[in-house]
Structure formats: C-alpha cells, structure tokens
Amino acid sequence: MHRFVLAAKQAAASLGYRGPGDGGKSMLLRYAGSLAAGWPSRGPRLPRPAREWSVRWSTAAKASVVKISEKASREKILTLESMNPLVKALEYAVRGPIVLKAGEIEKELRKGIKKPFTEVIKANIGDAHAMGQRPITFLRQVVALCTYPNLLDSPNFPEDAKKRARRILQGCGGNSLGSYTASPGINCIREDVASYIERRDGGVPADPDNIYLTTGASDGITTILKILVSGGGKSRTGVMIPIPQYPLYSAAISDLDAIQVNYYLDEENCWALDVNELRRSLKEAKAYCNPKVLCIINPGNPTGQVQSRKCTEDVIHFAWEEKLFLLADEVYQDNVYSEGRQFHSFKKILYEMGPEYYNNVELASFHSTSKGYMGECGYRGGYMEVLNLHPEIKGQLVKLLSVRLCPPVSGQAAMDVVVNPPIPGEESYSQFIKEKESVLNNLAKKAKLTEDMFNKIPGMHCSPLQGAMYAFPRIFIPSKAIEEAKVHKMAPDMFYCMKLLEEIGICVVPGSGFGQKEGSYHFRMTILPPTEKLKVLLEKMKDFHIKFLEKYA
C-alpha cells in the first residue's frame, strides 16, 4: 500500500500539486491515503474539483505504478561483498555447518522422511538440560521467588531460599528482577562472589570491586579481549590460545582483528601444557605481532585435562617473566573426575607465589552458571574477577560494560545461588548436596565409560577424561576417505562427522573446528546424555567407525 500512496503523491506532483492548501488535490491525496490505510473505498462523495482531478490523477497514478513495478529491485546495501569482512571470516564450530545439517535432518524426520534412525542425538554442545539433566531444585526455587515475589508468602518454598531471594530483590531497583542493575552487577551478588572465591581458595582475599557479573563467561572473555586489543601491523595485539581450543577464542580474536597465536597441548601426555611450547610459540609470534595475552582453559575444553599445580605455577611465572596478561577460563572448576586430580585456581596459586607475582601479574578469571553441576546455560549467568588493573583502565572497563547496560538479572540471581548455596544446618542443604553429588558422580561414571569404550575401538584413541564434559578422541581416517573429503571440499574430520550424522544420526563437532596438529584428526563429543542413551550412542559409534574403516580401507 505504501507504493500506492507514493504513486499518488508522484502523480499529484506531476499535475502541479503544490501542497495541503491546494483544494481538491489535497482532498484527493487524503482520500487515496485512506484507501491505503484500509478504509472502505465507498465513502463521502468527492467535491467536483476533486472528481475532475481524480480522472486526471487516475491516469497519472496508473502510469507511475506501472513504472515502479517495471523497475527491478534495487541492489541491497548489505551483501557478502559489502558486509564486515571480520564477521564473514568468523567461525564458531560448535554451532557450525554440521549443526545446521542436523537441523535439516530433524525437519525431514518430522515430515516423515525415512532415515536409518528415528532421532538426531545432538552430542555437539555442553547443554546439560537439553540432554536430560534435571535442574538443581534450590537454584530454581530462588530464581522463581525472585521472578514472582508473591511466592514469598507460599508455604511451599523453604525459608533459606526465601532469605536469599529477599536479599537479591533488595538489591534490585523497585525490588524487581525486571529493573536494570548497575553495569558490573548487583552489589550483594558481587559480595557473595567474593566470599565464594575466598572459601574456594582457602582464605585468599577477594575484593567485590574486582568482581564483574557477566552474560555467561563468554561475555567476560570477549569484553576483556576487546579492551586489550590495539596496535597495527607488527604491533597488533597477539593472543596466545591453546590448540585444541574452545572456538569462542578464535571467533573473538577474528572479530576484533587481533592476531591468533597458537600453542599446542601435548596429546601424548594427556593434553598437558608445556611451558617450553609456550616459549616456542611466543618467540615465533614476536616476528609478526605483539603478543600480550595468554589464555588458559582449565579444566580443558575440548580436551578434558586438569592442570597440575606445578604447571599452573610455571604458567604464572612465564606470564610474569614475559609481561603477558593472563586469562583463566575456569568454568569447569566443579567438573573434576580423575583420582589424584584437583582444581587449582590461578588466583590462589598466584597469591601463594608471593607479592612479587600477586601484586603484578594481571589476571582475569571466569566462571559461569552454564557448566559444573548446574548446567543452567539459558540463564546466561557468569562473573569475572580481574586483578591488578591500572586504576584508569578499571574506569575504562566499567565504561565498556555500561554499553550493554547490565547482564540478565535472572542470570545474576542464578549465579548468586552457585556462589551462595545452602550450608550445613539450613533447611535445603541435604537435598542440595544430594542433587549436586548425583550430577557430578554420574558425569564421572560417564567420563570413564566414554573413555573406555573409545579406547576399545580400532583406529581410535581417547586420552583420560580428567574433567569438563567432553571426549576428544583421535581418529584414524584412511587415505581413500581423505581423498573423497577433498572432492567434497571438506576437512577429513568434517567429512567423517557428516557421514556419522547422515548414517546414524549422531551430531558431533570435527576437531578441525577446535584446532589440531596437522595430519591428526579428532572430534568432540559431550558426555552429557543419560547413561543408557550414552551406551547406545557409543555402541552405534563403534559400529559406524568399524564400517567406515572397512569402506575406505
């Protein structure tokens, strides 16, 4: 209809219409506008001057409308050629082509199109609740109370949950979860995070002013990287990341037009981090950029290793020696399964190494509601603790955070429950501990089950799953399959994973999406499915892999 009105205006102008005071022509345009708005075409009879104009207008308008319809659609402003090239170059493997294909197959199954399977099992991402994990009751109670405060009068909710909800609501404008908060987050929750860190690290002091609540850990990581990246040419910021890595890092580095500096984890030594490899990587990178950030993922994603205390000390010393800003991604800190392995936070080890380190090494560490025993991915709750920032940079960080106003307030509330859970003597403590330990014990059993099964399959090897939520097995791909992958313009492990999806309906992520040594092939698979379903999945993968080797031998 807007074209109809446009044609009316163009036609009137061609007939000498001068404006609202131009008698019948003005009325004509108002009449035409009423038609475009959907008013009845039968209405008050136009006065004689308008009727005369209507005959002339009708002819002119028709001609104008024909011209508009004959014109080809104008070129789009935003095209692949004109879009931001940094966004076009960005890749995020865990939601990449293989997942899009899985979505297409799911649609076909719903339409009744026959496949060799009845469902797609999405083992590509660490989404615990989507895989059937039950929410932690206490966390959901507190968030429910915050969301609908009328429930505070209900006898169906425990008093310790009500106490926490009231405290959170008192920190919100208008006592409502629907209000904006301060950009770094609700103050009382930042205080609770600081208390949690002190308890976790055996009394190491934590300052709420160094705590920033975030939209999941990803938001904190990208924010810190954004403030760190600068320079051009050989002085452009280099960011050292582990290979294999979580694709958030490579995507953020690409988006910021920074320089990705790879250091390789040692697969033969359970994906351990070797400081000599850090030195090699740093030395080579200095020839083409200015490396000033070192990222560590502990426990590892996708590799599942848990870093030793000695390794953490070595990394901190290396960062201090080379003047690197440390980023410690610690979102899987609750997910440690192997006997003799323990999570050591970078903050704790940094403090225990003495004031020369603790007062100088710049460190940002991250945590989230999405992993651990909680699995509350959708709330997008998280925090970062940032140490030893220059006072002026602290102000710049708050300014940058203020651009996104504040993290989701329901996510902040969920994060508070993670850092301020029920304690012994409180009403909800026994149920909370039972649910938490059940989740973590089941994950430990599934980690062992997955590792053992993969290591029984010919042409497959899986390092010990010490922590996190994934297996990252190395797979042998025959040369014939590699040649066929080239024909399809796919990486060999992408070809393998696509065949796995199309033939047995299991969606995993190729190792090339995380990075791997040249000539080696892997895939990442979550261990989150329920145990019985995981057993079926692993048996299917075993059969598929053996047939794949036979086919391409």
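For the structure itself, consult the block above.
Residues numbered from 1 in each chain as written. Predicted model: local features only at pLDDT ≥ 70, side-chain atom pairs only at ≥ 80, totals over all residues. Heavy atoms only, no water.

A.B. asks: Which residues make up the overall build of the protein chain, and what values do they have?
C.D. replies: Counting secondary structure elements, the protein chain contains 20 helices and 14 strands. Expressed as a percentage of its 553 residues, the buried residues of the protein chain come to 51%. Intrachain contacts of the protein chain at a sequence separation of at least 6 include 71% that bridge at least 24 residues. Of the roughly 26,500 Å² that the protein chain leaves accessible, carbon and sulfur atoms contribute 53%. (Helix = DSSP H or I, 4+ residues; strand = E, 2+ residues; numbered from the N terminus. Buried < 20%, exposed > 50% of the residue type's maximum accessible area, 1.4 Å probe, protein only. Contact = heavy atoms within 4.5 Å. Areas by Shrake-Rupley, 256 points an atom, 1.4 Å probe, with all protein chains shown as cover.)

A.B. asks: Lay out the side chain of Gln305 in plain terms, naming residues and giving numbers.
C.D. replies: Tracing the chain through its elements places Gln305 in the loop between β5 (290–297) and α12 (309–322). Polar contacts involving the side chain of Gln305 include one to the side chain of Thr303, which spans 2.5 Å. Residues in contact with Gln305, not counting those within four places in the same chain, are Leu265, Cys270, Trp271, Ile297, Asn298, Pro299, Gly300 and Gln466. (Polar contact = N/O pair within 3.5 Å; in protein donor to acceptor, adjacent residues only side chain to side chain.)

A.B. asks: If you had to explain the pattern of salt bridges to someone new, which residues and values would you point to?
C.D. replies: Following the criterion strictly, the structure yields 24 salt bridges and no others. Salt-bridge contacts for Glu277 lead to Arg280; the nearest nitrogen and oxygen are separated by 2.6 Å. Placement of both Glu277 and Arg280 in helix α11 (residues 275–285) is noted, with a separation of three residues, approximately one turn of the helix. Residue Glu277 is classed as buried on the basis of its relative accessible area, which comes to 15%. Under the relative-accessibility criterion, Arg280 is labelled partly exposed at 31%. Here Arg309 and Glu313 are joined by a salt bridge, their closest N and O atoms 3.1 Å apart. Here Arg309 and its partner Glu313 are both found in helix α12, four residues apart, which amounts to about one turn of the helix. The class of Arg309 is partly exposed, set by a relative accessible area of 30%. (Salt bridge = Lys/Arg side-chain N within 4 Å of Asp/Glu carboxyl O.)

A.B. asks: Which residues make up the side chain of Thr223, and what are the values?
C.D. replies: Along the chain, Thr223 falls in helix α9 (residues 216–228). Owing to a relative accessible area of 8%, Thr223 belongs among the buried residues under this scheme. Polar side-chain contacts of Thr223 include one of 2.7 Å to the backbone oxygen of Asp219. If near-sequence neighbours (up to four positions away) are discounted, Thr223 is found in contact with Leu397, Leu400 and Leu401.

A.B. asks: Outline the nonpolar core, supporting the account with residue identities and numerical values.
C.D. replies: Grouped together as the largest cluster of nonpolar side chains are 121 residues, with contacts concentrated most on Ile224, Phe454, Phe523 and Met525. Here the element with the most residues in this core is helix α19 (residues 492–504); it accounts for eight residues. What Met525 contacts, discounting residues up to four positions off in sequence, is Ala123, Thr450, Phe454, Met469, Tyr470, Ala471, Val508, Leu534, Leu537, Leu538 and Met541. Core analysis: the second largest hydrophobic core is formed by 33 residues, Met240, Val315, Ala328 and Leu387 among them. (Core = buried A, V, L, I, M, F, W, Y, C linked by side-chain atoms within 4.5 Å.)

A.B. asks: Requested: an account of empty space enclosed by the protein, with residues and values cited.
C.D. replies: Inspection of every chain in the model, using the stated rule, returns one cavity of 30 Å³ or more. Of the pockets and cavities examined, the largest cavity occupies roughly 60 Å³. If you go around the largest cavity, the residues you meet are Pro242, Pro244, Tyr263, Leu265, Leu273, Ile296, Ile297, Gly300, Asn301, Thr303, Gln305 and Gln307. Of the residues in the lining of the largest cavity, the class split is seven nonpolar, five polar and no charged. (1 Å grid on protein atoms, 1.4 Å probe; cavity = no way out; pocket = protein on both sides within 12 Å on 5 of 7 lines; lining within 4 Å. Points joined across faces, edges and corners; volume = space filled by probe spheres on them. Nonpolar A, V, L, I, M, F, W, Y, C, P; charged D, E, K, R; others polar.)

A.B. asks: An account of unusual backbone geometry is needed here, citing residue identities and associated values.
C.D. replies: Here Asn298 and Pro299 are connected by a cis peptide whose omega angle stands at -10°. Locating Pro299 in the fold gives a position in the loop between β5 and α12. Going from Asn301 to Pro302, the amide bond is cis rather than trans, its omega being 20°. Its location among the elements puts Pro302 in the loop between β5 and α12. Here Lys323, not a glycine, exhibits a phi torsion of approximately 55°, which is positive. The topology assignment puts Lys323 in the loop between α12 and β6 (325–329). For Lys323, a relative accessible area of 74% gives the class exposed. Even without glycine at this site, Leu405 takes up a positive phi of about 65°. Counting through the fold element by element, Leu405 comes out in the loop between α15 (391–403) and α16 (409–419). The exposure class of Leu405 is partly exposed, given its relative accessible area of 42%.

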